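Each chain, letter by letter, is given below.
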Amino acid sequence: MTDETDITARLNLAQWHLTRSDQLRLGLISRAGGILSANALVVTGVVFISGLNSSSISPITGTFALASLAAIAYSTISAVGVFTGSRSIRRISLERDARAPIAFSYSDTISQISSAKDFRDAFTKQTAAETLDAAALELWRCICVHHARTKKLGSATRWMLVSSAALIAAAAAKILLGIF
């Protein structure tokens, strides 16, 4: 196997991984959307249980309702972080002297290259080995972003569960206080 064939095989493998990375990103975003929908249901439940149309609410029910809303706020912030990623990803994923992976990282490409002619020149001058290096850098960045988004999704899920438990406690307090 020649070096050029080896590089082509590695480029094909990098392309497969980058495509897979995009599918994983879409899966995380879909799950974050589900968390946001569940958060909306919990907020609706809190409003219903709290009886915002009544002038009095028991301190116990109010405390649980407020705890639920606070947990929903944390959950929502984490879920939105899955959509937006992390501002520190560039710092995490690339060494200081690393060149931007031209044609793989659009935002870095556009920040370093100002015209279509400059892009065409830089892109066509890349050797297969340089293209493979750029693909590997972008794959590393995708791995870092996926890791950060997975952590945010876990946080969003945990806070959503806490908010749900607080909602159940608020409902139980409302029912029990209504009985007594």
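In this report, we go over the structure that sits alongside the text. Just so it is clear, the structure is predicted and the values come from calculations on it, not from any experiment.

## Section: the overall build of the protein chain
Working step 1: Per the secondary structure count, the protein chain includes six helices and zero strands.
Working step 2: Overall, the protein chain shows an N-to-C arrangement of helices and strands of α-α-α-α-α-α.
Working step 3: Considering the protein chain as a whole, with its 180 residues, one finds that 34% of them fall into the buried category.
Working step 4: Sequence separation of at least 24 residues holds for 83% of the intrachain contacts in the protein chain that already meet a minimum separation of 6.
Working step 5: Of the roughly 11,500 Å² that the protein chain leaves accessible, carbon and sulfur atoms contribute 64%.

## Some remarks on a nonpolar patch on the surface
Working step 1: Together, Ile60, Phe64 and Leu177 make up an exposed nonpolar region whose accessible area comes to about 250 Å².
Working step 2: Here Ile60 lies in helix α2 (residues 59-84).
Working step 3: Judged by relative accessible area, which is 45%, Ile60 ranks as partly exposed.

## Digging into unusual backbone geometry
Working step 1: Of note, the phi angle at Ala103 is positive, near 75°, even though the residue is not glycine.
Working step 2: Mapping Ala103 onto the fold places it in the loop between α3 (89-93) and α4 (106-112).

## What to know about the packing of helix α1 (residues 3-50) against α2
Working step 1: Where α1 meets α2, the axes come as close as 9 Å, and the angle between the chain directions of the two elements is 160°. Between α1 and α2, the interaxial angle falls into the category roughly antiparallel. Read as a crossing pair, α1 and α2 show a hand that is left-handed. Residues Leu28, Ile29, Ala32, Gly33, Ile35, Leu36, Asn39, Val42, Val43, Val46, Ile49 and Ser50 of α1 form the contact with α2, whose own contacting residues are Thr61, Ala65, Ser68, Leu69, Ile72, Ser75, Thr76, Ala79, Val82 and Phe83.
Working step 2: The class makeup of the residues in the contact of α1 with α2 is 15 nonpolar, seven polar and no charged.

The rules behind the values
- Residues numbered from 1 in each chain as written.
- Predicted model: local features only at pLDDT ≥ 70, side-chain atom pairs only at ≥ 80, totals over all residues.
- Heavy atoms only, no water.
- Helix = DSSP H or I, 4+ residues; strand = E, 2+ residues; numbered from the N terminus.
- Buried < 20%, exposed > 50% of the residue type's maximum accessible area, 1.4 Å probe, protein only.
- Contact = heavy atoms within 4.5 Å.
- Areas by Shrake-Rupley, 256 points an atom, 1.4 Å probe, with all protein chains shown as cover.
- Patch = residues over 30% accessible without salt bridge, like charges linked within 9 Å, V, L, I, M, F, W, Y side chains within 5 Å.
- Salt bridge = Lys/Arg side-chain N within 4 Å of Asp/Glu carboxyl O.
- Axes fitted to C-alpha atoms, helices over the stretch in contact; angles between N-to-C directions.
- Parallel < 35°, antiparallel > 145°, perpendicular 65-115°, else oblique.
- Left-handed = near helix turned anticlockwise from the far one by under 90°.
- Nonpolar A, V, L, I, M, F, W, Y, C, P; charged D, E, K, R; others polar.

Keep in mind that these numbers describe shape and distance, not what the molecule does.
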